[in-house]
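Descriptive structure summary
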Amino acid sequence: QVQLVESGGGLVQAGGSLRLSCAASGSIFRLNAMGWYRQAPGKERELVATISNSESTKYADSVKGRFTISRDNAKSTVYLQMNSLKPEDTAVYYCNERIPFSPVDYWGKGTLVTVSS
């Protein structure tokens with residue numbers, strides 16, 4: 001059974017940094033694309049960043065140049081380094097795992113990031 005467990009969220013002042021981690025289990029991690037999404041209060045869930053199994057990355061325009069997604073296949077973990085945080089980055093951040101040829105996406109339970117002004 002695929003499980004994703006996020007960690008690293010918390011309260012930080014604007015301009016600060018946080019590093020989120022997502023530990024995956026129950027799948028062949030190195031074969032799968034991983035992603036981070038976020039959902040702010042009253043808003044829909046949105047894509048933040050993705051990383052393919054070949055480590056190709058994509059970012060939302062709102063985080064380009066500030067956030068970096070990476071993966072460690074030996075640890076079955078994906079990271080999101082967030083720098084120069086803004087109050088508008090406040091959201092619950094969710095880890096996503098996409099298995100090739102599977103109709104199902106897998107999600108973690110989320111970790112809350114709060115950026116104070």
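Located above this text is the structure these notes cover.
Report follows, based on the coordinates. (Residues numbered from 1 in each chain as written. Predicted model: local features only at pLDDT ≥ 70, side-chain atom pairs only at ≥ 80, totals over all residues. Heavy atoms only, no water.)

Turning next to the nonpolar core. Proteins that are soluble and globular tend to have nonpolar side chains buried together. Ranked by internal contacts, the top residues of the largest apolar core, which has 26 residues, are W36, V48, F67, V78, L80, M82 and Y93. Counting residues per element, this core draws most heavily on strand β3 (residues 18–25), which supplies four residues. (Core = buried A, V, L, I, M, F, W, Y, C linked by side-chain atoms within 4.5 Å. Buried < 20%, exposed > 50% of the residue type's maximum accessible area, 1.4 Å probe, protein only. Helix = DSSP H or I, 4+ residues; strand = E, 2+ residues; numbered from the N terminus.)

Now for the sheet that holds strand β8 (residues 77–82). The sheet built from four strands is open, its strands ordered β1-β3-β8-β7 with antiparallel pairing. Only two strands of the sheet have a single partner each, and these edge strands are β1 (3–7) and β7 (67–72). Across the sheet, the mean angle from the axis of one strand to that of its neighbour is 15°, orientation sign disregarded. Across five bridges, β1 lies against β3 in antiparallel orientation. Bridge assignment links L4 to a residue of β3, and that residue is A24. (Pairing = 2+ DSSP bridges. Axes fitted to C-alpha atoms, helices over the stretch in contact; angles between N-to-C directions.)

Moving on, we get to the pairing of strand β5 (residues 46–51). By the bridge criterion, five bridges tie strand β4 (residues 33–39) to β5 in an arrangement that is antiparallel. Among the inter-strand pairings, W36 is bridged to a residue of β5, identified as A49.

Here we take up the environment of S76. By secondary structure assignment, the location of S76 is in the loop between β7 and β8. Expressed as a C-alpha distance, the spacing of S76 and C22, which sit 54 residues apart in the sequence, is 8.4 Å.

A separate point is unusual backbone geometry. Of note in the backbone geometry, E55 takes a positive phi value of approximately 70° without being a glycine. Looking at the element boundaries, E55 is found in the loop between β5 and β6 (57–59). The phi angle at S76 is positive, at roughly 50°, despite the residue not being glycine.

The subject of this paragraph is the environment of V5. For V5, the position within the fold is in strand β1. We classify V5 as exposed; its relative accessible area is 52%. Considered as a pair, V5 and T114 are 109 residues apart in the sequence and their alpha carbons are 19 Å apart. When neighbours within four sequence positions are excluded, V5 is seen to be in contact with S21, C22 and A23. (Contact = heavy atoms within 4.5 Å.)

Here the focus is the state of the cysteines. Evaluation of the coordinates by the stated rule reveals one disulfide. Bridging C22 to C95, the disulfide has an S-S length of 2.1 Å. A torsion of -85° about the S-S bond marks the disulfide between C22 and C95 as left-handed. With C22 in strand β3 and C95 in strand β9 (residues 91–98), the pair connects residues that are 73 residues apart, well separated along the chain. The burial state of C22 is the same as that of C95; both residues are buried. (Disulfide = S-S within 2.5 Å.)

Of note, E6 is situated in strand β1. Despite its burial, E6 pairs with no opposite charge; the closest candidate is R45, at 7.6 Å N-O. For E6, the contacting residues outside a window of four places in its chain are S21, C22, W36, Y93, Y94, C95, G108, K109, G110 and T111. (Lys, Arg positive; Asp, Glu negative; His and termini not counted. Salt bridge = Lys/Arg side-chain N within 4 Å of Asp/Glu carboxyl O.)

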